[in-house]
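Listed below, chain by chain, are the residues.
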Amino acid sequence: MSDSGILARFRLDYAGFTLDVDLALPGRGVTALFGPSGSGKTTLLRAIAGLERVTAGRLSVEGEVWQDETVCRPTWQRPLGYVFQEASLFPHLDVRANLEYGQKRVPGAASRVSLDQAVAMLDIGHLLDRKPGGLSGGERQRVGIARALAASPRLLLMDEPLAALDMARKQEILPYLERLHDELDIPVFYVSHAPDEVARLADHIVALQNGRVVAAGPLTETLARVDLPIRLGEDAGVVLDAAVAARDEAWQLAHVEFAGGRLWVRDQGLPVGHRVRVRILARDVSLARAPASDTSILNTLPATVSACAGDAHPALTLVKLHVGDSPLLARVTRKSAHALGLAPGLAIYAQIKAVALIG
Amino acid sequence: MLTATDWSAIRLTFELAGVTTLLLLVLGTPIAWWLARTRSAWKGAVGAVVALPIVLPPTVIGFYLLVAMGPNGSVGKLTESLGLGVLPFTFAGLVVASVFYSLPFVVQPIQNAFEAIGERPLEAAATLRASPMDTFFSVVLPLARPGYLTATVLGFAHTVGEFGVVLMIGGNIPDKTRVVSVQIYDHVEAMDYAQAHWLAAGMVVFSFAVLLLLYTLNPTGRRRA
């Protein structure tokens, strides 16, 4: 077989819960397995790792069969890395021995990530001689990630690695996760129920609900769908890839350019040309038939309505727009939509109150 | 002070306890692992059999072992056909009896230690390419160390203290089966209280020292006793 990418088909019945998925996922980048708790995302990840016994399953990773009707490799014979929600370090070993645990069990020829590389990437050189008991939650999780990397995985599985941490610790870890994404060529499956993490880290998204896949595809496209069966409510919005185009030092603003237009954002000191992601929440976008002149809103973009759909609240409607080649979501009241006569094809102005630069 | 026969009894006692404890650590580990991990319906029954020596009078254990290991018992016939003779009234017979008698005191602390480790470290090891056997030696055993320490001390001390089983199986043969507890009994029978005091006080001091060691080295480990 020469299929690249990751093919996963699992069917699993528990009392009161069925996981039934059939996925073809890209063999690169970060794929977010996203959904509410109880949707089966962790079970799916555990099935991929072989930690959950699934009799009816097929799994191949870049052409290599890990599981089908005739073979089912046990977890320890699958070249993967797994990051648990709690770092799950071995308490009897110091940090260095924890890192070496997986690394020295990988045959030399299959070793693709050196210990030094893993240590440097997670910035844990100063912790090597400490015991896990003396580390903070954030440090433990960084060691857990480095330990998984040092085992040279061909697929890195992360089960809500930030969920057990508080906000400050999350902010401490996120840059390292972004670094993995930018510097390593290892496909990552990232389980999360937090839309902001997904927006920041993922390239692809698989949305799960009640053990079934309800949407799957590239992040930008999938998040911009108004028919997404998972109601994101306040978190609905789009993520656009952009680059810093200019900086206005007088006003401390930066101009970022995406496929379809330019946006003013607060200058965060990033150099011109730097690639960024911007997240625009639907609740921060309002619509007008004509560009308003006397307004505090800096970003007003000409757009075309492409679809309207119901929102979590019956008073609201979710409007999908196109700005050039990029999608945008706006959430407005049904009353306003009616007054503006919103319908597919209508040219309109999108007024964007807030743009978040993420990564 | 202590006589030559007293010293012989002490030496024999420690030999018996040492051999028994080593055997129990080896035999008890798979039993404890199975009891800690299984979801089998037999778990309760096997656990109860292992714990029986805690509640049974030692004479009952000794009686059945004597019958089984005697020339007409199933074990006795087996050992005779293997050219080993019969086990009662030998040191080997005492070892076999002590293994049964002290089994729960070794299995239960190890089982508790295994159960306390939980599933997660085993899963983490598997995701880091460790085979189940590899995981057992590199993760489970080190994490169960407090349990092993408790098991060793309790198994040893409990074997040192046995009396009823020894009398039933081993009798009272000097240098072969006469252990300290039997020797004390002999002194008392002979109204030789002074000699009995030396040995009995020695046992008290020994037992206290052992428990002190256990509680000092292992302050947080789970233990019974």
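In this text, all values refer to a predicted model and were calculated from it rather than measured experimentally.

On to the overall build of chain B. Along its length, chain B carries 11 helices and zero strands. If you list the helices and strands of chain B from N to C, you get α-α-α-α-α-α-α-α-α-α-α. Taken along the three principal axes of its C-alpha coordinates, chain B extends 65 × 45 × 30 Å. Taking all 225 residues of chain B together, the buried fraction comes to 45%. Residue pairs at least 24 apart in sequence account for 71% of intrachain contacts in chain B once pairs closer than 6 positions are excluded. Distance between charge centroids for chain B: 13 Å, based on 13 positive and 12 negative side chains.

Residues A:Leu149, A:Leu177, A:Leu180, A:Leu287, A:Leu321 and A:Leu342 are the most contacted members of the largest nonpolar core, which totals 90 residues. By residue number, the principal contributor to this core is helix H4 (residues 137-150) of chain A, which donates six residues. Of all hydrophobic cores here, the second largest spans 39 residues; its members include A:Ile48, A:Val54, A:Phe189 and B:Leu128.

For the rest of this paragraph, the subject is helix H1 (residues 41-49) of chain A. Residue and element names in this part refer to chain A. Here H1 lies mainly inside the structure; eight of its nine residues are buried. Those residues of H1 that sit buried are Lys41, Thr43, Leu44, Leu45, Arg46, Ala47, Ile48 and Ala49. One or two steps after H1, the chain reaches Gly50, where phi turns positive at roughly 85 degrees.

With that settled, the discussion passes to the packing of aromatic side chains. Applying the stated criterion across every chain, the model contains 13 aromatic pairs over all chains. Between the aromatic rings of B:Phe163 and B:Tyr185, the centroid separation amounts to 5.3 Å while the plane-to-plane angle is 55 degrees, which identifies the pairing as tilted. Within this pair, whereas B:Phe163 is found in the loop between helix H8 (145-160) and helix H9 (164-170), its partner B:Tyr185 is found in helix H10 (residues 180-189), the two being separated by 22 residues in sequence. Taking relative accessible area as the criterion, B:Phe163 reaches 28% and is therefore assigned partly exposed. Site record: aromatic cluster; members linked through ring pairs are B:Trp33, B:Phe114, B:Phe136, B:Phe137 and B:Tyr148. One Lys or Arg, A:Arg105, reaches over the ring of A:Tyr101 and ends 3.8 Å from the middle of that ring.

Residues A:Phe17, A:Leu19, A:Val21, A:Leu23 and A:Leu25 point to one face of strand E2 (residues 17-25) of chain A and are all buried, whereas A:Thr18, A:Asp20, A:Asp22 and A:Ala24, pointing to the other face, are not buried. Taking the residues that link successive antiparallel strands as the turn, the strand E1 (residues 6-14) of chain A-E2(A) hairpin has two residues, and the phi of A:Gly16 there is positive, at about 80 degrees.

Turning our eyes to something else, we now look at the interface of chain A and chain B. Think of interface size as the accessible area that goes away when the parts come together; that is how it is often given. Taken together, the contact pairs 23 residues of chain A with 18 residues of chain B. Where A:Glu86 meets B:Arg120, a salt bridge forms, and the shortest distance between an N and an O atom there is 2.7 Å. For the pair chain A and chain B, the interface holds eight residue pairs in polar contact (both at pLDDT 80 or more).

Residue and element names in this part refer to chain A. Read across the open sheet, the five strands follow the order E13-E12-E11-E14-E20; overall the sheet is antiparallel. Strand pairing shows two members of the sheet lacking a second neighbour, strand E13 (261-266) and strand E20 (356-358), which therefore form its edges. In this sheet, neighbouring strand axes are inclined to one another by 45 degrees on average, regardless of whether the strands run parallel or antiparallel. Where strand E11 (residues 237-248) lies against strand E14 (residues 275-281), seven bridges are found, and the strand directions are antiparallel. Within E14, the residue paired with Ala242 across the bridge is Val276.

Moving on, we come to the confidence of the model for chain B. Residues shown with low pLDDT carry predicted positions that ought not to be read at fine detail. Residues and elements named next belong to chain B. The share of residues in chain B with pLDDT of 70 or more is 97%, and the mean pLDDT across the chain is 91. Confidence drops under a pLDDT of 50 for residues 221-225, and excluding neighbours within four residues, the segment shows 13 contacts in the predicted structure. Interface confidence for the predicted complex, given as ipTM, is 0.84, next to a pTM of 0.85.

This paragraph deals with a nonpolar patch on the surface. Among the surface-exposed residues, B:Val49, B:Leu52, B:Ile54, B:Val55 and B:Leu56 lie close enough to one another that they form a single nonpolar patch of about 420 Å² accessible area. The exposure class of B:Leu56 is partly exposed, given its relative accessible area of 30%.

What follows covers the pattern of salt bridges. Throughout the structure, instances matching the rule amount to 27 salt bridges over all chains. In this structure, A:Asp20 and A:Arg212 form a salt bridge, with 3.7 Å as the shortest nitrogen-oxygen distance. With A:Asp20 in strand E2 and A:Arg212 in strand E10 (residues 212-218), this pair connects stretches of sequence that are 192 residues apart. Assessed through its relative accessible area of 26%, A:Asp20 is described here as partly exposed. Linking B:Arg11 and B:Glu15 is a salt bridge whose minimum nitrogen-to-oxygen distance equals 3.0 Å. Note that B:Arg11 and B:Glu15 are positioned in helix H1 (residues 4-37) at a spacing of four residues, about one turn of the helix. In this structure B:Glu15 comes out as partly exposed when scored by relative accessible area, which is 36%. A single salt-bridge network, built from bridges that share partners, covers A:Arg46, A:Glu52, A:Glu86, B:Arg120 and B:Glu123.

Right, let's talk about the packing of helix H3 (residues 58-69) of chain B against helix H5 (residues 91-117) of chain B for a bit. All names here are of chain B. Put simply, H3 and H5 touch, their axes get as near as 11 Å, and they point 135 degrees apart. Taken together, the axes of H3 and H5 lie oblique to each other. Of the two elements, H3 crosses H5, and the hand of that crossing is right-handed. Of the residues in H5, those in contact with Pro58, Ile61, Leu65 and Met69 of H3 are Gly93, Val96, Ala97, Phe100 and Tyr101.

All names here are of chain B. Its place among the elements puts Gln195 in helix H11 (residues 193-217). Judged by relative accessible area, which is 11%, Gln195 ranks as buried. Non-local contacts of Gln195, meaning those with residues more than four positions away in its chain, are made with Met1, Leu2, Thr3, Asp6 and His187.

The next subject is the sheet that holds strand E16 (residues 299-310) of chain A. All names here are of chain A. The strand order E15-E19-E16-E17-E18 describes an open sheet built from five strands, whose pairing is antiparallel. Where the open sheet ends on each side, the last strands, each with one partner, are strand E15 (285-288) and strand E18 (326-333). Averaged over all adjacent pairs, the angle separating strand axes in this sheet is 45 degrees, with direction ignored. Examined bridge by bridge, E16 and strand E17 (residues 316-323) share six bridges and lie antiparallel to one another. Directly across from Ala309, in E17, lies its bridge partner Leu318.

Cut-offs and rules
- Residues numbered from 1 in each chain as written.
- Chains lettered and ligands numbered in written order.
- Predicted model: local features only at pLDDT ≥ 70, side-chain atom pairs only at ≥ 80, totals over all residues.
- Heavy atoms only, no water.
- Helix = DSSP H or I, 4+ residues; strand = E, 2+ residues; numbered from the N terminus.
- Buried < 20%, exposed > 50% of the residue type's maximum accessible area, 1.4 Å probe, protein only.
- Contact = heavy atoms within 4.5 Å.
- Lys, Arg positive; Asp, Glu negative; His and termini not counted.
- Charge placed at Lys NZ, Arg CZ, Asp CG, Glu CD.
- Core = buried A, V, L, I, M, F, W, Y, C linked by side-chain atoms within 4.5 Å.
- Phe/Tyr/Trp six-rings, centres within 6.5 Å; stacked < 30°, edge-to-face > 60°.
- Lys NZ or Arg CZ within 6 Å of the ring centre and 35° of its normal.
- Pairing = 2+ DSSP bridges.
- Salt bridge = Lys/Arg side-chain N within 4 Å of Asp/Glu carboxyl O.
- Polar contact = N/O pair within 3.5 Å; in protein donor to acceptor, adjacent residues only side chain to side chain.
- Axes fitted to C-alpha atoms, helices over the stretch in contact; angles between N-to-C directions.
- pLDDT = per-residue confidence, 0-100.
- Patch = residues over 30% accessible without salt bridge, like charges linked within 9 Å, V, L, I, M, F, W, Y side chains within 5 Å.
- Areas by Shrake-Rupley, 256 points an atom, 1.4 Å probe, with all protein chains shown as cover.
- Parallel < 35°, antiparallel > 145°, perpendicular 65-115°, else oblique.
- Left-handed = near helix turned anticlockwise from the far one by under 90°.

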